[in-house]
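Residue strings, one per chain:
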Amino acid sequence: MSRPIVVVTERGYRRFVGGHPWIYRGDLVSTEGGISSGDIVLVRDGRARNLGFAFFSSSSLIALRMLSREEEPDEAFFKRRIERAVDLRRRLRAERAMERVVYGESDGIPSFIVDRYGDVVVFQTLCGGADRIKEMLVGILRDLLNPRSVVERNDPSVRKLEGLEPVSKLAWGEPVDEVWCREGELDVLVRPLVGQKTGVFLDQQENHEAARAYARGRVLDGFSYQGGFALQVATRAESVLAVESSADALTALRANAARNGVTNVETREANVFDQLTELSRRHERFDMVILDPPAFAKNKEAIAGALRGYKEINLRAMNLLGPGGILLTCSCSYHLTEPLFVDLLREAAADTGRSLQLLERRTQSGITRSCWRCRRATI
Ligand code: SAH
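Owing to the predicted nature of the structure, the values given are computational and were not obtained by experimental measurement.

Quick notes on the rules
- Residues numbered from 1 in each chain as written.
- Predicted model: local features only at pLDDT ≥ 70, side-chain atom pairs only at ≥ 80, totals over all residues.
- Heavy atoms only, no water.
- Near = heavy atom within 4 Å.
- Polar contact = N/O pair within 3.5 Å; in protein donor to acceptor, adjacent residues only side chain to side chain.
- Areas by Shrake-Rupley, 256 points an atom, 1.4 Å probe, with all protein chains shown as cover.
- Nonpolar A, V, L, I, M, F, W, Y, C, P; charged D, E, K, R; others polar.
- Phe/Tyr/Trp six-rings, centres within 6.5 Å; stacked < 30°, edge-to-face > 60°.
- Buried < 20%, exposed > 50% of the residue type's maximum accessible area, 1.4 Å probe, protein only.
- Helix = DSSP H or I, 4+ residues; strand = E, 2+ residues; numbered from the N terminus.
- Pairing = 2+ DSSP bridges.
- Axes fitted to C-alpha atoms, helices over the stretch in contact; angles between N-to-C directions.
- Parallel < 35°, antiparallel > 145°, perpendicular 65-115°, else oblique.
- Left-handed = near helix turned anticlockwise from the far one by under 90°.
- Contact = heavy atoms within 4.5 Å.
- Salt bridge = Lys/Arg side-chain N within 4 Å of Asp/Glu carboxyl O.

Draft legend 1. Focus on the site of the ligand. Close to the ligand lie 16 residues; Gln 196, His 208, Glu 244, Val 272 and Asp 292 are nearest. Between an oxygen atom of the ligand and a side-chain N or O atom of Gln 196, the distance comes to 3.0 Å. Glu 244 places a polar side-chain atom, nitrogen or oxygen, 2.6 Å from an oxygen atom of the ligand. In the complex, the protein chains occlude 88% of the 590 Å² of accessible area that the ligand would expose alone. Of the residues belonging to the shell around the ligand, the class tally is seven nonpolar, seven polar and two charged.

Dropping the structure here:
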């Protein structure tokens, strides 16, 4: 099959050979063959050596997302890649009611995300190349996963960089507003079309369950969303206060609590920054504080401001803990590395005059290969 050809610089070539899945716009030398954004192209270097096939984007800074060295990226190729991702998870981890099945670049299909909630499959195509072939990808998912419904959840803002419109709709099968899935011993409400991400934060699934071991007395769950942590720890704690700015998320949290017969979780719609200060002012004390904020640093430039934000909430949380209290604190900012995170926690502890003991370090749930989407730590 003849494909448009893109020639890249020596630096672009070295990035690719060194294992990086992307080549940036600055490393393009020339394009030819009536190329358009979303095409699958053949990538060459200045010496006419073929590097492989890639998704091409004319609008994003990420011009090329590498697909394969030699294999022709036809339908059979995408089927093999998805099959490999599904098999890998089946082989390496216990069957879960809900899980991420395809992790984009990590599984060799850039920008293609697939989450499974029971027999409901939710996908995202976050670049032009993946978006162009989404019908074919849905067909493959139907064959391999045998779902009841396939939902397209394409509203992340990164799609704007690719010139793609937001879309959230049923792509195939029965209409689906709500799915109940098991997480550990609890039923969890998933709303694939309106919940955050593709419904729930699957990357915290194992951490929710791990948090139970530390739960006791009075717990504060800051940035609770639908109660991923709050409900798991409620089964062990005396009481849990869940603080969250989204009223809709708290409605779902209460539905989760009711469904599971959990009666010791109080919800409070508030800004966590203000609430931590307010609770401190009232001299309230907690045995455990959980912090799981959204990413404060979405890019490298935002790191300085983000560090201040993370330090501030952690400092305020430490002030609420009694002796022997547990702080379970998370970051999902890719650019906030673990050493930076640990340093800011140490500084916050010093500022509050407390000593911290690091009890456990964890990361996102699931089995990814090369890509680390986020880093998290538990103290
Ligand atoms: N802990 C949750 C996921 C939290 S995601 C779980 O494991 O399921 C971060 C949450 O913080 C989102 O639900 C978002 O609505 C909320 N949020 C963002 N900024 C906030 C703020 N300043 N105060 C309170 N909640 C906030």
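Draft legend 2. View of the packing of aromatic side chains. Under the definition given, this model contains eight aromatic pairs. On the basis of an interplanar angle of 85° and a centroid distance of 5.1 Å, the ring pair of Phe 77 and Phe 78 is categorised as edge-to-face. Exposure remark for Phe 77: the relative accessible area of 0% places this residue in the buried category. Given a relative accessible area of 1%, Phe 78 falls into the buried group. Here Phe 112 and Phe 123 contribute two aromatic rings whose centre-to-centre distance is 6.4 Å and whose plane-to-plane angle is 50°, an arrangement assigned as tilted. Taken as a pair, Phe 112 in strand β8 (residues 112-117) and Phe 123 in strand β9 (residues 120-125) lie far apart in primary sequence, 11 residues in all. Each member of the pair Phe 112 and Phe 123 is classed as buried.

Draft legend 3. Focus on the sheet that holds β9. One open sheet accounts for five strands, arranged β7-β8-β9-β10-β11; its pairing is mixed. In this open sheet, the two strands that pair with only one neighbour each are β7 (98-103) and β11 (167-173). Within the sheet, the average angular offset between the axes of one strand and its neighbour, ignoring direction, is 20°. One ladder, built from six bridges, connects strand β10 (residues 149-154) with β11; its direction is antiparallel. From the neighbouring strand, Arg 153 faces β11, where its bridge partner is Ser 168.

Draft legend 4. The arrangement of the packing of helix α2 (residues 75-92) against helix α4 (residues 134-145) in detail. The interhelical angle for the contact between α2 and α4, taken along N-to-C directions, is 45°, at an axis separation of 10 Å. Relative to α4, the element α2 is oriented oblique. Note that α2 runs across α4; the crossing there is right-handed. Where α2 approaches α4, its residues Glu 75, Phe 78, Lys 79, Ile 82, Glu 83, Val 86 and Arg 90 are matched on the opposing element by Met 136, Leu 137, Ile 140, Leu 141, Asp 143, Leu 144 and Leu 145. Here the residues of the contact of α2 with α4 are counted per class, giving nine nonpolar, no polar and five charged.

Draft legend 5. Up close: the pattern of salt bridges. Applying the stated criterion across every chain yields a total of 40 salt bridges. Between Arg 361 and Glu 338 there is a salt bridge, with its nearest N and O atoms 2.6 Å apart. Taken together, the residues span a long stretch of sequence, with Arg 361 in the segment after α11 (338-352) and Glu 338 in helix α11 at a distance of 23 residues. Take Arg 361: its relative accessible area is 48%, and that puts it in the partly exposed class. For Glu 338, a relative accessible area of 22% gives the class partly exposed.

Draft legend 6. Region of interest: the pairing of strand β4 (residues 40-45). The element β4 is largely enclosed, with a buried count of five among its six residues. Sheet analysis places strand β1 (residues 5-8) next to β4, joined by four bridges and oriented parallel. Within β4, the position partnered with Val 6 by the bridge is Val 43. Across five bridges, β4 lies against strand β5 (residues 50-56) in antiparallel orientation. Residue pairing in the sheet places Arg 44 in a bridge with Asn 50 of β5.

Draft legend 7. Looking closely at the side chain of Glu 244. Mapped onto the secondary structure, Glu 244 falls in strand β15 (residues 239-244). Among the polar contacts made by the side chain of Glu 244, one reaches the main-chain amide nitrogen of Tyr 225 at a distance of 2.7 Å. When near neighbours in sequence (up to four residues on either side) are disregarded, Glu 244 contacts Phe 223, Ser 224, Tyr 225, Ala 249, Leu 250, Arg 268, Glu 269 and Ala 270.

Draft legend 8. Representation of the sheet that holds β5. Reading across the sheet, the six strands line up as β2-β6-β5-β4-β1-β3 and stay open at both edges, with mixed pairing between neighbours. Whereas interior strands pair on both sides, the edge strands pair on one side only; in this sheet they are β2 (22-24) and β3 (28-32). Neighbouring strand axes in the sheet, compared pairwise and without regard to direction, differ in orientation by 35° on average. On the sheet, helix α1 (residues 10-17) packs against β1, β2, β4, β5 and β6 (62-68) and is oriented at approximately 165° with respect to β2. Each of β4, β5 and β6 is contacted by α2, which is oriented at about 80° to β6, the strand it contacts most.

Draft legend 9. Looking closely at the environment of Glu 209. Relative to the assigned elements, Glu 209 resides in helix α6 (residues 205-211). Judged by its relative accessible area of 27%, Glu 209 is partly exposed. Through-space distance from the C-alpha of Glu 209 to that of Glu 185 is 9.0 Å; in sequence the pair is 24 residues apart. Ignoring anything within four residues of it in the chain, the contact list for Glu 209 reads Arg 96, Glu 183, Gly 184 and Gln 232.

Note that all results are geometric; they support no functional claim without further evidence.
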